[in-house]
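So the chains spell out like this:
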Amino acid sequence: MHSGSLNRATKIVSAEKDIVLSKLNYVMEELLAHTKVLKNIECSPQLTEFHGVLYKECVERFSRLEMSSSKCLLNEATVLDPRLKNHGFGIQGSYKETRKSIELRCVNIVLHNNSTSTATTSTIPTFTATTSTASTSTAITSTPVTATDDCFWNKFDGKVNNLVHQNTPPVVKVITEIDRYIAEPLLQRDEDPLKWWEQCKTVYPTLYELMLKRMCLQATSVPSERVFSKSGEILNAKRSRLTNSRFSQIVFLNCNLK
């Protein structure tokens, strides 16, 4: 039974067309638990030694995975997976640290988007349209919108203008967005998180932008090695005159049309 668990863990982390990185914390935690059970099972001396070595290697490689140098990418992917969010951590405190990291990255995204939007707006030229005839040239100008002359509404108009032009600090927007996201019910484990994000990208625009940079990451090098292997089969001595562009297209189709 436990060897079957090892096999399933291997298939999960080496999957090509699935969101893998966000599952890694939980899978490795379960793998450690199963190898510990194997180590304590009474069997032949050879198997006992093998189970002991297996458990030792798993402990050295995976026991502190959440605190490793790549923890930011791994933990952020876990939080951004709507099937896991803050429930995908085994070490207490990892979520709080990851939350701070996500907040900082999202604030930077908001600031970058705001600066880009401001720069684009400031570069739009203002034109004065003119219509010319044989004898005259008439300028077409817009009439500025003036405040109402009715002093009864001045106070109300002032309040509305203040609300419209009030700038909410980016950190407040980010915290509110993350709180709303975390408060939502978890997605079912067998559902597609990418489809969920596609539906909710307008609700959580900043998190969606960060998610695109995390969910595309693979947990292992196995998918890349498979692509290299397929590439070697495609580009052989009999097809050495393939152009780079055509070769890339064939590899892409070979890896994705299944």
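You'll find the structure just up there.
Now for a description of the structure that goes with this document. What you are looking at is a predicted structure, and each value in this text was computed from that prediction instead of being measured.

Conventions we followed
- Within each chain, residues carry numbers counting from 1 in the order of the written sequence.
- This being a predicted model, a pLDDT of at least 70 is required before a residue's local features are given, and a value of 80 or more before pairs of side-chain atoms are given or counted; all residues contribute to the totals for chains, interfaces and linings.
- Just so you know, side-chain values use all the structure's heavy atoms and leave hydrogens and water out.
- Only the stretch in contact is used when fitting a helix axis, every axis being a line fitted to C-alpha atoms; angles between N-to-C directions are given from 0 to 180 degrees.
- Counting from the N terminus, the helices are DSSP H or I runs at least four residues long and the strands are E runs at least two residues long.
- Here the word oblique covers every angle except those under 35 degrees (roughly parallel), over 145 (roughly antiparallel) and from 65 to 115 (roughly perpendicular).
- By convention, the crossing between two helices is left-handed when the near helix turns anticlockwise from the far helix through less than a right angle, and right-handed when the turn is clockwise.
- Working rule for contacts: check all heavy atoms of both residues, and any pair within 4.5 Å makes them a contact.
- In the scheme used here, Gly and all other residues not listed as nonpolar or charged are polar, with Ala, Val, Leu, Ile, Met, Phe, Trp, Tyr, Cys and Pro taken as nonpolar and Asp, Glu, Lys and Arg as charged.
- Any two of the Phe, Tyr and Trp rings considered here, Trp counted by its six-membered ring, make a pair once their centres fall within 6.5 Å; the pair's planes then place it as stacked at under 30 degrees, edge-to-face at over 60, or tilted in between.
- Partly exposed describes any residue whose relative accessible area lies between the buried limit of under 20% and the exposed limit of over 50%, with all areas from a 1.4 Å probe on protein chains only and scaled to the type maximum.
- Identification of polar contacts relies on pairs of N or O atoms within 3.5 Å, with a donor-acceptor requirement for protein atoms, meaning one able to donate a hydrogen and the other able to accept it, and with residues adjacent in sequence counted only if both atoms are side-chain atoms.

**Observations regarding the packing of helix α10 (residues 222–234) against helix α11 (residues 244–256)**
Contact geometry of α10 with α11 gives a least axis separation of 10 Å together with a crossing angle of 125 degrees. One element, α10, and the other, α11, form an angle in the oblique class. You can see that α10 and α11 cross each other, and the crossing is right-handed. Mapping the contact onto sequence places Val227, Lys230, Ser231 and Ile234 in α10 and Phe247, Ile250, Val251, Asn254 and Cys255 in α11. Tallied by class, residues from the contact of α10 with α11 come to six nonpolar, two polar and one charged.

**Details of the packing of aromatic side chains**
Inspection of the entire model under this criterion finds eight aromatic pairs. With a centroid separation of 6.5 Å and an interplanar angle of 45 degrees, the aromatic rings of Trp197 and Tyr208 are classed as tilted. Pair noted here: Trp197 is in helix α8 (residues 193–200) and Tyr208 is in helix α9 (residues 205–214), with a separation of eleven residues, a long-range link. Overall, the relative accessible area of 17% leaves Tyr208 in the buried class.

**Section: the side chain of Ser22**
Among the structural elements, Ser22 can be located in the loop between α1 (2–13) and α2 (24–39). Owing to a relative accessible area of 2%, Ser22 belongs among the buried residues under this scheme. Of note is the side chain of Ser22, whose polar atom sits 2.6 Å from the side chain of Asp81. Non-local contacts of Ser22, meaning those with residues more than four positions away in its chain, are made with Ala77, Thr78, Asp81, Arg83 and Leu84.

**Concerning the packing of α2 against helix α3 (residues 45–62)**
At a minimum axis distance of 8 Å, the contact between α2 and α3 shows a crossing angle of 155 degrees. It follows from the interaxial angle that α2 and α3 lie roughly antiparallel. In this structure, α2 meets α3 at a crossing whose hand is left-handed. Listed contacts from α3 to Met28, Leu31, Leu32, Thr35, Lys36, Leu38 and Lys39 of α2 are His51, Gly52, Leu54, Tyr55, Cys58, Val59 and Phe62. Residue composition of the contact of α2 with α3, by class: nine nonpolar, three polar and two charged.

Don't take any of this as a statement about function, it's just geometry.
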